[in-house]
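# Chains, contacts and geometry: an overview
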Number of protein chains: 2
Amino acid sequence: MQPQHLNAPIGVFDSGVGGLSVLRAIRRQMPAEDLLYLADQGHVPYGSRTLEEIRAFSEGITRFLLAQGAKLIVVACNTASAAALRYLRETFPDVPMVGMEPAVKPAAERTQSGVVGVLATPATFQGALYASVVERFANGVKLLQSTCPGLVARIEQGDLDAPATRAILDDALRPMLDEGIDTVVLGCTHYPFVIPLIEEIAGEDVRVIDPAPAVARQVKRLLDANGLGRPAGKRGEIRFYTSGEPAAMQSLLPKLLGEGGLVRAVHWRGNLALEKA
Amino acid sequence: MQPQHLNAPIGVFDSGVGGLSVLRAIRRQMPAEDLLYLADQGHVPYGSRTLEEIRAFSEGITRFLLAQGAKLIVVACNTASAAALRYLRETFPDVPMVGMEPAVKPAAERTQSGVVGVLATPATFQGALYASVVERFANGVKLLQSTCPGLVARIEQGDLDAPATRAILDDALRPMLDEGIDTVVLGCTHYPFVIPLIEEIAGEDVRVIDPAPAVARQVKRLLDANGLGRPAGKRGEIRFYTSGEPAAMQSLLPKLLGEGGLVRAVHWRGNLALEKA
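All values derive from a computational prediction rather than experimental measurement.

Moving on, we come to unusual backbone geometry. Residue and element names in this part refer to chain A. A cis amide bond, omega -5°, links Val 44 with the succeeding residue Pro 45. Among the structural elements, Pro 45 can be located in the loop between strand S2 (35-39) and helix H2 (51-67). For Cys 148, which is not a glycine, the phi torsion comes out positive at approximately 45°.

In structure tokens, the structure reads:
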């Protein structure tokens, strides 16, 4: 492994475009950092994969990002974090890593009504990480859960405010609002892209917890602790990769990220992610 | 392989509950037949899997259904048919098989306006089977395509008439209606469950082509040709299997099929599908 350097990029990955919500937050807090983003759209969604598959994909992507010089890895996918983060930390003990976990703790601390809505994928709700977070932090707070069927598919298409996207959220949130939620936890990195819609439906008295800014702060802390933060200066560059269709992802970047960029193709050969020639 | 017998069951499989639309049509046309249905919900959706994976799943399921005595196999999934039907026919040359293909031919024959809408998953539109069907049968007819993002996920949840399901269809169909379609092809076995919604949105002048009855007729022809049709008599039995959550699927059966039943669990061990003890 090459030595990590403060001018090296931060590597971020997700099964699709959801992790761009985390990349965006990192970009806002650390604009001088160079960034790598890999969307494993050839395997999206991860939710129906076995633990072994998700670990193999996550390891292959991490190796790819490290080969591009990444100094820190952000697992910007709740499913991959639950399935593979511990495995990645064991496999790459020298690499600083940050992952996602459902923000049940801050929600439980802040709720006044004692009723919190959690939006996440079925894989996240079924996983041990969620059960552990609930057990440790939810005490006394009533959690209402919805998997928002179809929402990830709409966001992967860039449908951030189409009537269908609104209807999916309306379906998920109405019963929660009827039960008195005052806080909504976004347990999937795709969901921050529809915060405007969620706020419209839920009204201004309901607080929506986007985990991305807290994850970006954790990235900053970890970089600083390792002396790896890039000094303020000119704006960093972003390199995008997908194992799916580069053109499709490229057309979504301005809408999701507020800036465009070239998307490069990677392909899988066995457990190796390789850049296409 | 055991000898096929006219009292043996027909084996039907899909990645999820979509193939129940085909099972339902078979049940209507051949009520005396015993039926096996396997939903590979542990792997749903197939759309993001490689050809090799889909072939391995389809072969494992076919072996499982044959081991339960199936006399004919119905690949009640457009993705699996496109990826694996030819492979299955080569692997099991003595087993009568029926698969799905998008009903572009009957649509092209019947359309008056010359504009036809096709609803299918991305995997189906990208596959060679669809390209071949379009090349052979669409001549002169304008085909408008939509992948209905999120629709399969809603139907897997049993949301057949929720506002969100309607909105997804509305999103897909409005632009097609504006362009003058008079025919809609359902290129995914999940979609017949929302025909009432499609008809509500599209109006009575638009004809919706559900492939299931034609597939059931093909099953009947193949049984008759092989002397394997069960004589009319008492109503046949259905055995359901899933590699996902039996309770979740069981709760959907009355809504999707109009009759209930016990759902048994199967699990995958390597490339073998096995009934859980």
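There's more to say after this.
It is worth spelling out the pairing of strand S7 (residues 183-186) of chain B at this point. All names here are of chain B. Burial along S7 is two-sided: Thr 183 and Val 185 and Val 184 and Leu 186, pointing in opposite directions, are all buried. The sheet contact formed by strand S5 (residues 115-119) and S7 spans four bridges and is parallel. Within S7, the residue paired with Val 118 across the bridge is Val 185. Where S7 meets strand S8 (residues 207-209), three bridges bridge the pair, whose relative direction is parallel. Considered in S8, the bridge of Thr 183 is made with Arg 207. Of the crossover connections in this fold, the one passing from S7 over helix H9 (residues 195-202) to the parallel S8 is right-handed.

All names here are of chain A. Relative to the 16 Å expected for twelve residues at 1.5 Å per residue, helix H11 (residues 246-257) spans 16 Å between its end C-alpha atoms, a close match to the ideal helical length. Restricting attention to buried positions, one finds in H11 the residues Met 249, Leu 252, Leu 253, Leu 256 and Leu 257. In a view along the axis of H11, the buried residues occupy a sector of 135°, so they form one face of it. Facing away from the buried side of H11 by over 90 degrees, the exposed positions are Ala 247, Ser 251 and Lys 255. In the segment just after H11, Gly 258 is the residue with positive phi, at about 80°.

In a disulfide, the sulfur atoms of two cysteines are held together by a covalent bond. With the rule as written, the count across this model stands at zero disulfides over all chains. In this structure Cys148(A) is a free cysteine whose sulfur lies 8.7 Å from that of Cys188(A), the closest cysteine sulfur available.

This next bit is on the relation of the copies chain B and chain A. Relative to chain A, chain B is turned by 180° and slid 0.0 Å along the rotation axis, the superposed coordinates differing by an RMSD of 0.0 Å. With respect to symmetry, the two chain copies, as superposed, fit the operation of a two-fold axis. Residue Gly150(B), judged by its C-alpha, is the member of chain B lying nearest the rotation axis, at 1.8 Å. The share of interface residues of chain B whose copies in chain A are also at the interface is 100%, consistent with both copies meeting through the same surface.

Moving on: the interface of chain B and chain A. In this assembly, 21 residues from chain B lie in contact with 21 residues from chain A. When residues of chain B are sorted by the area they lose upon contact with chain A, Ser48(B), Pro149(B) and Arg154(B) head the list and together hold 31% of the total. The interface formed by chain B and chain A contains four salt bridges. Asp171(B) is the partner of Arg154(A) in a salt bridge, and the nearest nitrogen-oxygen pair spans 2.7 Å. One can count six residue pairs in polar contact (both at pLDDT 80 or more) joining chain B with chain A. Sorting the residues of the side of chain B that touches chain A by element identifies helix H7 (151-156) and helix H8 (163-178) of chain B as the ones contributing at least two each. In terms of residues, the side of chain B that touches chain A owes the most to one element, H8(B), which gives five residues. Each residue belonging to the side of chain B that touches chain A can be placed in one class, and the counts come to ten nonpolar, six polar and five charged.

Rules and cut-offs
- Residues numbered from 1 in each chain as written.
- Chains lettered and ligands numbered in written order.
- Predicted model: local features only at pLDDT ≥ 70, side-chain atom pairs only at ≥ 80, totals over all residues.
- Heavy atoms only, no water.
- Helix = DSSP H or I, 4+ residues; strand = E, 2+ residues; numbered from the N terminus.
- Buried < 20%, exposed > 50% of the residue type's maximum accessible area, 1.4 Å probe, protein only.
- Pairing = 2+ DSSP bridges.
- Right-handed = clockwise from strand over helix to strand, strands pointing away.
- Expected span 1.5 Å × (residues − 1).
- Arc of directions from axis to C-beta.
- Disulfide = S-S within 2.5 Å.
- Least-squares fit on C-alpha atoms with pLDDT ≥ 70 in both.
- Contact = heavy atoms within 4.5 Å.
- Buried area = accessible area lost by both parts, 1.4 Å probe.
- Salt bridge = Lys/Arg side-chain N within 4 Å of Asp/Glu carboxyl O.
- Polar contact = N/O pair within 3.5 Å; in protein donor to acceptor, adjacent residues only side chain to side chain.
- Nonpolar A, V, L, I, M, F, W, Y, C, P; charged D, E, K, R; others polar.

What is shown is where atoms sit, not what they do.
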